[in-house]
Amino acid sequence: MNIIVMAAGLGSRFKELTKETPKSLLPVNGVPNLERTIRFINDSNKIEDIYILVGYLGEKFEYLKNKFDNVHIIYNSHFRDYNSIYTFSLALPWFSDSFVIDGDSVLTQNVFSELNPEKSTYYTLVREDSINEWEPIVTNSIVTSIVTASESAQTLSGLSYWKETDCEIIRNNYSKYLEKKYIEDGSLYWDDIPRVYLAQLEITTQKLENKSILEMDNVEEYQRVQEILKEQEN
């Protein structure tokens, strides 16, 4: 079992904060966020290898290889030009029995310690503002569609698990989406590809505790993350 970390983004909405530091490495409780996540992953003793897809300021992630023996860095030289469909394609050789997580996801607790997936799984939670997030629709325990969420819906958390049989279906169809009309479309994400093949995949969902995974897509959310973690400590 391995995990693929998506950490190639520019983080342009952070302005000066990400001028010299990638968004995924912004400090949370005094520790670079992705380093915190790696410690949680390794403490769970479930995941062998960690593949980090980097682009913007990619060299800043190199220290993680020295700190953790199971970290592998995969460089995306087209991070300014192409979306995450292209980025994820670089990890396809290792996409098998894999967790996938966004590098800027902030864990407020070690969610990995309680995860024992038997099927491909979208981990969900209710965010403070779920509007415009992705909501999986489930029929007989299997995801049949993904829609834009309404308020207070269970939405995708940024963490998922993919069983080998489903990985194979996605890998076998992935090349269709490496044409420029797809990888240059800023509205598309790698996650859009599994959506196309939901009828062939067997994906279930599992609810996580609300606020166990937080987003930080802009400066305001980053500040809110810091506040929530301080509240948890008190």
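The structure under discussion appears in the preceding block.
Residues numbered from 1 in each chain as written. Predicted model: local features only at pLDDT ≥ 70, side-chain atom pairs only at ≥ 80, totals over all residues. Heavy atoms only, no water.

Visitor: Would you take a moment to explain the pairing of strand 10 (residues 142-148) for this structure?
Guide: Looking along a regular strand, one sees side chains alternate from face to face of the sheet. Sheet topology places strand 9 (residues 134-139) next to strand 10; six bridges connect them, and they run antiparallel. Across the sheet, Trp134 pairs through a bridge with Thr148, a residue of strand 10. Between the end of strand 9 and the start of strand 10, which pair antiparallel, lie two residues, with Asn140 showing a positive phi angle near 55 degrees. (Pairing = 2+ DSSP bridges. Helix = DSSP H or I, 4+ residues; strand = E, 2+ residues; numbered from the N terminus.)

Visitor: What is the right way to read the sheet that holds strand 6 (residues 98-102) from this model?
Guide: The pairing of strands in a sheet comes from backbone hydrogen bonds and takes either a parallel or an antiparallel form. Reading across from one edge, 5-4-1-6-11-8-12 is the order of the seven strands in this open sheet, with mixed pairing throughout. Either end of the sheet is taken by a strand with one partner, and the two such strands are strand 5 (71-75) and strand 12 (203-207). Neighbour-to-neighbour, the strand axes of this sheet turn through a mean angle of 25 degrees, independent of strand direction. In this sheet, strand 6 lies alongside strand 1 (residues 2-7) in parallel orientation, the contact comprising five bridges. Along strand 6, the bridge assignment pairs Ile4 with Val100. On the sheet, helix 1 (residues 33-44) packs against strand 1, strand 4 (49-54), strand 5 and strand 6 and is oriented at approximately 160 degrees with respect to strand 4. (Axes fitted to C-alpha atoms, helices over the stretch in contact; angles between N-to-C directions. Contact = heavy atoms within 4.5 Å.)

Visitor: When you look at the nonpolar core in this model, what are you seeing that I'm missing?
Guide: Here is a general trend for soluble globular proteins: nonpolar side chains tend to be buried in one another's company. Residues Ile4, Phe88, Phe95, Val100, Trp162, Tyr174 and Trp190 are the most contacted members of the largest nonpolar core, which totals 30 residues. For this core, the elements supplying multiple residues, two or more each, are strand 1, strand 4, helix 3 (84-89), strand 10, strand 11 (155-162) and helix 4 (164-174). Here Phe88 is in contact with Ile4, Met6, Leu53, Phe95, Val100, Tyr174 and Trp190, once residues within four sequence places are set aside. Of all hydrophobic cores here, the second largest spans 29 residues; its members include Ala7, Leu34, Ile38 and Ile101. (Core = buried A, V, L, I, M, F, W, Y, C linked by side-chain atoms within 4.5 Å. Buried < 20%, exposed > 50% of the residue type's maximum accessible area, 1.4 Å probe, protein only.)

Visitor: Is there a simple way to think about the pattern of salt bridges in this case?
Guide: Between side chains of opposite charge, pairing is possible as soon as their charged atoms come close. A full pass over the atoms with the stated rule returns eleven salt bridges. Asp104 serves as the salt-bridge partner of Lys23, at 2.8 Å between the closest nitrogen and oxygen. Within this pair, whereas Lys23 is found in the loop between strand 1 and strand 2 (27-28), its partner Asp104 is found in the loop between strand 6 and strand 7 (106-107), the two being separated by 81 residues in sequence. Across the pair, Asp104 and Lys23 agree in class, each one buried. With its nearest N and O atoms 3.1 Å apart, the salt bridge here joins Lys67 to Glu35. Here Lys67, found in helix 2 (residues 63-67), pairs with Glu35, found in helix 1; they are 32 residues apart in sequence, far enough to count as distant. (Salt bridge = Lys/Arg side-chain N within 4 Å of Asp/Glu carboxyl O.)

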